[in-house]
Every structure is written in structure tokens, then in C-alpha cells.
Amino acid sequence: MVDGHNLIFAIRGLHEMQVSGRGDEARGALVDALRRFAQTRGEQVLVVFDGNEFPRNSDVSREPYLETVYTRRSDGGADERIIHEAIRRAEQGQHVTVVTNDVRTLALKLPKSVLRMKVHAFWLKHIEHAADPEGKPVEGDFSDIEREMEARTEMEKPEPAVQDRDRKRPARPSAEAATGERIRGKKERGRLRQERRLQRRAKPGRGR
């Protein structure tokens, strides 16, 4: 279940449409995205909007895997409709997840068996990532504020301190190389001793 206008005002691209007088376009874009999600996963999705602004309230639009509901203030608005539907479906044994950032008036009134998912987490995982799994920018992509905040946080993190045990140490010579070095040292010392003996013998008065 999706808290429609709560999601629209939380996602930057949809929010810009809504506040610029293109509310129908924002709702249409959200419904299209949820339709793709529902059909791809085979999940039943219910999206609920506050419908007070519409002169003719269509109430419910049903299609395979997707229901779109517009509520009236006299019926308690979107929050009450979501709570009612969540309780009803949970009692029927359905696994229900509500997508909303509204904790105060909605999430706290949901049954314990009903899961809640924050808007940005849902959008990034199931909408943006599904639309472009390789992470490439796509036309019409609704990048949200959370992604920007995460990127900014990563940039501001201090460089981690390097511990002594992690510092790069010179490689130790192998046993074979060490043995060869010792042999060369012995040969050099023997050569020097031989040169000294020859020099002593070459001095006058020596060698009789």
C-alpha cells in the first residue's frame, strides 16, 4: 500500500510537478511507476490519494495488480483508508507493507503485523534501480534528495587513520635469496683473505 501524496512530496521530480500545478502529471507518473513494479513482481499494489480537490471523485480505479483510490475528507482521508485496508487485509492473512514517511498520523496506528517501508527506500530499491539496474542515468529519472544527502555525507567523511599493522612493510627476502647472499658474502671474504696473503708474499724478504 502506498501513501500517494506522501510519496509525491518526498520525491524531488514528482514534488516539482505537484507544486508547479501539474498534479495530474505527478499522480500519473507515480501510478505508471507502481504499475510497472506491480506487474514485474506480480504484487498487488494499492495506492491511495487524498481526492478532495477533484470535482468528481472516481473513488477506485482497478486494473490487474493495481488499485488506485481517491478518498474524501468526509471518509477520513488517505490515512484512514490505508489504516482500514491494512487492518482488513492483515486479518485476512495477507502480508501487508505500507509505504509512507507519515509516522505520527499513520504508521503508529497500523497493526504490528503490518510492515512499514520509508518512501525513499522503496523508491530507490524498487523504482529507480528497477528502471536502470546498471545505475546509468535515464531520461525522466526522478532522483531524490536522499541520494544527494548520502553522496554529500560520503564526501565529508574524514580519511580513515592507518593503523601500524596496516602500513605497507618491505617484503622479506625469501629463504633462497638469503642463502645466496650468505654464499656471496663468504666468497667475497675468502677472496679478500687470498689477496692479503698474496700481497704479504710479494713483499721483499718474504717467501724464503
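Up top is the structure these notes are about.
Counting starts from 1 at the beginning of each chain's written sequence and moves along it residue by residue. Reporting in this predicted model follows two pLDDT cut-offs: at least 70 for local features of residues, and 80 or more for side-chain atom pairs to be given and counted; totals over whole chains, interfaces and linings ignore these cut-offs and use all residues. To get the side-chain values, take all heavy atoms of the structure and skip hydrogens and water.

Student: I tried to follow the packing of helix H2 (residues 12-19) against helix H3 (residues 23-41) on my own but got confused; where do I start?
Tutor: A pair of packed helices is captured by two measures, namely the crossing angle of their axes and the spacing between those axes. Orientation of H2 relative to H3, taken along the N-to-C sense of each, is 150°, at an axis distance of 6 Å. For the element pair H2 / H3, the angle class is roughly antiparallel. Residues Leu14, Met17 and Gln18 of H2 form the contact with H3, whose participating residues are Gly23, Glu25, Ala26, Arg27, Ala29 and Leu30. Its residues assigned to classes, the contact of H2 with H3 shows five nonpolar, two polar and two charged. Between N-to-C directions, angles cover 0 to 180 degrees, with each direction set by a line fitted to C-alpha atoms, over the stretch in contact for helices. A helix here means a DSSP run of H or I that spans at least four residues, while a strand means a run of E at least two residues long, and both kinds are numbered starting from the N terminus. Here roughly perpendicular refers to angles of 65 to 115 degrees, roughly parallel to angles under 35, roughly antiparallel to angles over 145, and oblique to all remaining angles. Any two residues whose heavy atoms approach within 4.5 Å at even a single point are treated as in contact. In the scheme used here, Gly and all other residues not listed as nonpolar or charged are polar, with Ala, Val, Leu, Ile, Met, Phe, Trp, Tyr, Cys and Pro taken as nonpolar and Asp, Glu, Lys and Arg as charged.

Student: Quick question: what am I supposed to make of the packing of aromatic side chains here?
Tutor: Two descriptors summarise a pair of aromatic rings, namely the distance from one centre to the other and the angle between the planes of the rings. Under the pairing criterion, centres of Phe, Tyr and Trp rings, with the six-membered ring standing for Trp, must be within 6.5 Å; the plane angle then separates stacked pairs below 30 degrees from edge-to-face pairs above 60, leaving the rest tilted. Overall, the coordinates contain two aromatic pairs when judged by the stated rule. Ring geometry for phenylalanine 37 versus phenylalanine 122: centroids 5.3 Å apart, planes at 80°, classification edge-to-face. Within this pair, whereas phenylalanine 37 is found in helix H3, its partner phenylalanine 122 is found in helix H5 (residues 119-131), the two being separated by 85 residues in sequence. For every residue, the accessible area (1.4 Å probe, protein chains only) is compared with the maximum for its type, and the residue is labelled buried under 20%, exposed over 50%, or partly exposed between those bounds. For phenylalanine 37, a relative accessible area of 12% translates into the label buried. For phenylalanine 122, a relative accessible area of 3% gives the class buried. Relative to tyrosine 70, the ring of phenylalanine 49 has its centre 5.4 Å away and its plane inclined at 20°; by these criteria the two rings are stacked. Of this pair, phenylalanine 49 sits in strand S2 (residues 45-50) while tyrosine 70 sits in strand S4 (residues 66-71), and the two are 21 residues apart along the sequence. According to the relative accessible area criterion, phenylalanine 49 is buried, its value standing at 0%. The exposure class assigned to tyrosine 70 is buried, which follows from its relative accessible area of 15%.

Student: Looking at this structure, I do not really get the pairing of S4. What am I missing?
Tutor: Remember that side chains alternate between the two faces of the sheet whenever the strand is regular. For S4, the buried fraction is high: six of the six residues fall into the buried class. Neither face of S4 is exposed, since Leu66, Thr68 and Tyr70 on one face and Glu67, Val69 and Thr71 on the opposite face are all buried. One ladder, built from six bridges, connects S2 with S4; its direction is parallel. Looking across to S4, one finds that aspartate 50 is bridged to threonine 71. One requirement defines pairing of two strands: DSSP has to find at least two bridges between them. Sheet topology note: the strand S3 (residues 60-63)/S4 ladder contains four bridges and is antiparallel. Bridging from a neighbouring strand, valine 60 pairs with valine 69 of S4. Adjacent in sequence and paired antiparallel, S3 and S4 are bridged by two residues, among which tyrosine 65 carries a positive phi angle near 75°.

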